[in-house]
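Chain by chain, the residues run as shown.
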Amino acid sequence: MDGWHARILRVDLSQGTCQVEQIDRQILSQFLGGRGLGAYLLYTEVPPQVDPLGPDNLLAFCTGPMTGVQVPTGGRSSLSTLSPLTGTVMDSNSGSQFGVRLKWAGYDALVIRGVAERPVWLEVDEQGGTLHTADDLWGLEIPQTIAKLHDKGASAVCIGPAGENLVLFSAIMNDEGKAYGRGGVGAVMGSKNLKAIRARGQHRPGVAEKEALDFVEYEARKMISASPRTSQGLPEFGTSVLVNLMNWYGVLPTRNFQQGEFEQAEAISGERLREEFLTKRSACWSCPIGCKRETHTATEKGEGPEYETIFALGSNLGIADFETLIEANYLCNRLGLDTISTGGTIGCAMELAEHGLLNSELRFGRADLLLSTIEDIAYRRGQGALLAEGSRRLALRCEAPELAMQVKGLEMPGYDPRGMQGQGLLYATSNRGACHLRGNMLGPELLGLPKMLDRFAAEGKAGLLIVLQHTSAVIDSIGMCKFVNFAIGDEFFARMLSAVTGTHYEVQDLQTAGERIWNLERLYNLQAGFSRADDTLPPRLLAEPLEKGGSRGRTVDLDAMLGEYYRFRGWTQDGVPTPRKLDALGLADLDKRPAKETIHA
Amino acid sequence: MLEQFQKFGQDLFARGLTSSHGGNMSARLGDRILITRTGAMLNHLTEKDLIETGLEENDSGVMLASSELVVHRAIYQNTSALAIVHVHPPIAVALSLVEQDAIIPIDNEGSYVLRKVPIVQAELTTGSKEVAKLAAKMLREYKIFMLRGHGCFSIGPVLEEAYQWCSSLEEACRIIYLTRLLQLAQVGVPALGGAERIEFRKHSEDYDKW
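Definitions and limits used
Residues numbered from 1 in each chain as written. Chains lettered and ligands numbered in written order. Predicted model: local features only at pLDDT ≥ 70, side-chain atom pairs only at ≥ 80, totals over all residues. Pairing = 2+ DSSP bridges. Helix = DSSP H or I, 4+ residues; strand = E, 2+ residues; numbered from the N terminus. Axes fitted to C-alpha atoms, helices over the stretch in contact; angles between N-to-C directions. Contact = placed C-beta atoms within 7 Å. Parallel < 35°, antiparallel > 145°, perpendicular 65-115°, else oblique. Left-handed = near helix turned anticlockwise from the far one by under 90°. Nonpolar A, V, L, I, M, F, W, Y, C, P; charged D, E, K, R; others polar. Expected span 1.5 Å × (residues − 1). Buried ≥ 20, exposed ≤ 12 C-beta atoms within 10 Å, placed from the backbone. pLDDT = per-residue confidence, 0-100.

Undergrad: In this structure, what is going on with the sheet that holds strand β2 (residues 17–22) of chain A? I would like to understand it.
TA: Strand-to-strand pairing in sheets goes through backbone hydrogen bonds, with the strands running parallel or antiparallel. Residue and element names in this part refer to chain A. With mixed pairing, the 6 strands of this open sheet are ordered in space as β2-β1-β6-β3-β4-β5. Strand pairing shows two members of the sheet lacking a second neighbour, β2 and β5 (89–94), which therefore form its edges. On average, each strand axis in the sheet is tilted by 20° relative to the strand beside it, whichever way the strands run. With 4 bridges joining them, strand β3 (residues 59–63) and strand β6 (residues 109–113) adopt antiparallel strand pairing. Bridge pairing links Phe61 to Leu110 in β6. The sheet strands contacting helix α3 (residues 97–104) are β3, β4 (77–82), β5 and β6, and the helix crosses β3 at an angle near 80°.

Undergrad: Where do I start with the packing of helix α17 (residues 421–429) of chain A against helix α19 (residues 461–478) of chain A in this structure?
TA: Each packed pair of helices is defined by two parameters, the angle between the axes and the distance between the axes. All names here are of chain A. Viewed as axis vectors pointing N to C, α17 and α19 meet at an angle of 55°, and their least axial separation amounts to 10 Å. As far as their axial angle goes, α19 and α17 are oblique. Here α17 runs over α19; the crossing is right-handed. On α19, the residues touching Gln421, Gly422, Leu425 and Leu426 of α17 are Lys461, Ala462, Leu464 and Leu465. A breakdown of the residues in the contact of α17 with α19 according to their chemical character gives 5 nonpolar, 2 polar and 1 charged.

Undergrad: Explain the interface of chain A and chain B here, please?
TA: Many analyses report the size of an interface as the accessible area lost when the parts associate. Between chain A and chain B, the contact holds 19 residues from the first and 18 residues from the second. Those elements that provide at least two residues to the side of chain A that touches chain B are α7 (210–226), α19, α21 (507–527) and α23 (558–569) of chain A. For the side of chain A that touches chain B, the element with the most residues is α19 of chain A, which contributes 4 residues. A per-class count over the side of chain A that touches chain B returns 9 nonpolar, 5 polar and 5 charged.

Undergrad: What is the right way to look at α23 of chain A in this model?
TA: Three or four residues apart is the spacing at which side chains of an α-helix point the same way, because the helix has 3.6 residues per turn. All names here are of chain A. The first and last C-alpha atoms of α23 sit 16 Å apart over 12 residues, in line with the 16 Å expected at 1.5 Å per residue. Here α23 has its buried residues at Leu558, Met561, Leu562, Glu564, Tyr565, Tyr566 and Arg569. Buried residues along α23 sit in contact with α17, α19 and α22 (539–543). In the stretch just after α23, Gly570 is the one whose phi turns positive, near 75°.

Undergrad: It is not clear to me how the environment of Leu437 of chain A should be interpreted in this structure. Could you clarify?
TA: Residues and elements named next belong to chain A. For Leu437, the position within the fold is in the loop between α17 and α18 (442–447). When the 18 C-beta atoms within 10 Å are taken as the criterion, Leu437 is described as partly exposed. Considering only alpha carbons, one finds Leu437 and Leu468, 31 residues apart in sequence, at a separation of 9.9 Å. Once you skip the residues sitting within four places of it in the chain, Leu437 turns out to touch Ser472 and Lys482.

Undergrad: Please clarify how the confidence of the model for chain B should be interpreted in this entry.
TA: For chain B, the average pLDDT comes to 93, and 95% of its residues sit at 70 or higher. Overall fold confidence for the complex sits at a pTM of 0.96, while the interface term, ipTM, reaches 0.91.

Written as structure tokens, this is what we have:
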């Protein structure tokens, strides 16, 4: 079967067993793979009430029909789990070659549950899985761990000390800084006593209609090379190209979102990164864009930083010492930490300390404390243990929950929504908490994609955001990168998918699949107890106008947009999908909510 | 929203994509539609020319709405479109009367933006259920299509994009028309040069499969 293998490798760490099983092609066709397949597995197998760090939670590494197929950016894969940080459905997407090797080993998904008695690492190949003792790996940082597992024809991911110590925003990574980054997936892996996974696969998947794929791929590459975002901005500067641009718009979060303009932005800009710290460009597997950076400081070398890291550990902390910021990024990569949540939590701690609500030396601008604070978090040393729980729990403990810049527990990315109304609606409604990768409004509100809209207007944003949310779910599920969406859209994805799988997908079929995935994720969150009240933003963004910069005087008009959003979605004004909507998406049979609630909806 | 309708209505007329009283536009507002009034002049839209009515259910708005309301509704019910433009671009309409299945642009811009614009035909070409069904089907796969001898329907997440596809289509058709004219002229006037159109695009033979 082209596109999918219809095979899942299931690993039970409690039992020490590995088993290959078939999966119904209908499920793959409906949920596509990647994030969609992960949402299906999570929804059908893990009640959201279980302990995310207990044996009943699962880690589902899912590939898509494009993963490992030589199409532009066809190297992505997804990891789904119940998040210990947010309590929501969680998926983290990565360009690590691990997903490609997993696909080439013959699996659409690797599903891991249970808890091993002692630390282990897992080897996956075409025959199945094998567990090995990991006593010699436990305690090692990411690069040392990956180095020990290095083998030609294979690719490995692992957790670092942060995951071992169950830091709620720890990541699963490889040695190139590529991560399944958000939501504490590293802690879930750590809780299972699973240090690393190595996938070995050589068998490239077949393509049903090669000539058709050649043509679509040729056209796609033309579009990618014709777009200045994908052929110039991202290749030349990486994502850090956004620093000066976001600052100019007045949406560069500064000092825990107290401001939207950083007076020293130039010092941490993409232009400076290129001039002083760039070693060379790099790219994920099969990516013609190449936004990754190999960089160096006077004493260290490594990968990145990305724009999100520069904002989180730079402007958001009032830090303009770029060398320290870059080394803090390397440190997070070695220890296995999500840099956005690390910066968001430290920023929260800095503001709490400045208000006298946290007994700490942390202050905005204290670059000298950055590296030691990150280490304290990863090893849960001293106050680091408190920060390791994320900004929401930290601020609650200090009785100032309003100072945590998060939604549903996930720290916010680097775009102040007071200067982008639609982005505010995105953060509030994203199923995994504040996230810029679930239908980014950066395109229509700041970059003019597909068309430039008035970024301060609330009217008319809901419908467009929903379309983008569905497209993002599709891209995450088929195994491609969102950056390619700067150049090509659904019409290309549908034709590529049709050519690879041999099953005809209309463009609209993909939008419907994206909507199906989004609604299933919503059902999971509703079961977990989330409601309209959680579709909100930190009070600062709703009530405190920015005082200066390109978005001066603005707050987010969320209420107006949220009602429109629910109406567009065919949900009740409580944010619950109606039976009619679920029926139209083929989800009615999966809905496990009590009948009363369903009828009420 | 009125401002958007006015802006693109004026552009559609100024570009010659529609006559004084032809064409219509709409935007989806959740379970409601905002559509131009029947007989409205796209070049002179006022607040009273925008009619709000239900996406699925009739109300008094249908008394004033464009005669193509049934087609707009079917499109919204079957696709993720948030905006629709329907106009009668003259060269595209002319080409739809001589091409069999599709208009395939031959110029660079048309190829990049459109690749292929399918043509369908109906017996009752205005405001009919037959067209509604055809339009919903075509726009699940394509962003714009031609109704033979009538005009084009295009969709987008915003009005501007739906407008762009119409504008691009007419330009692509104009280039096809001019090129064929030159080829014709060359039969009698050899001094104008070779008679063959020179293909510059790799995979040009594949566009009809898009």
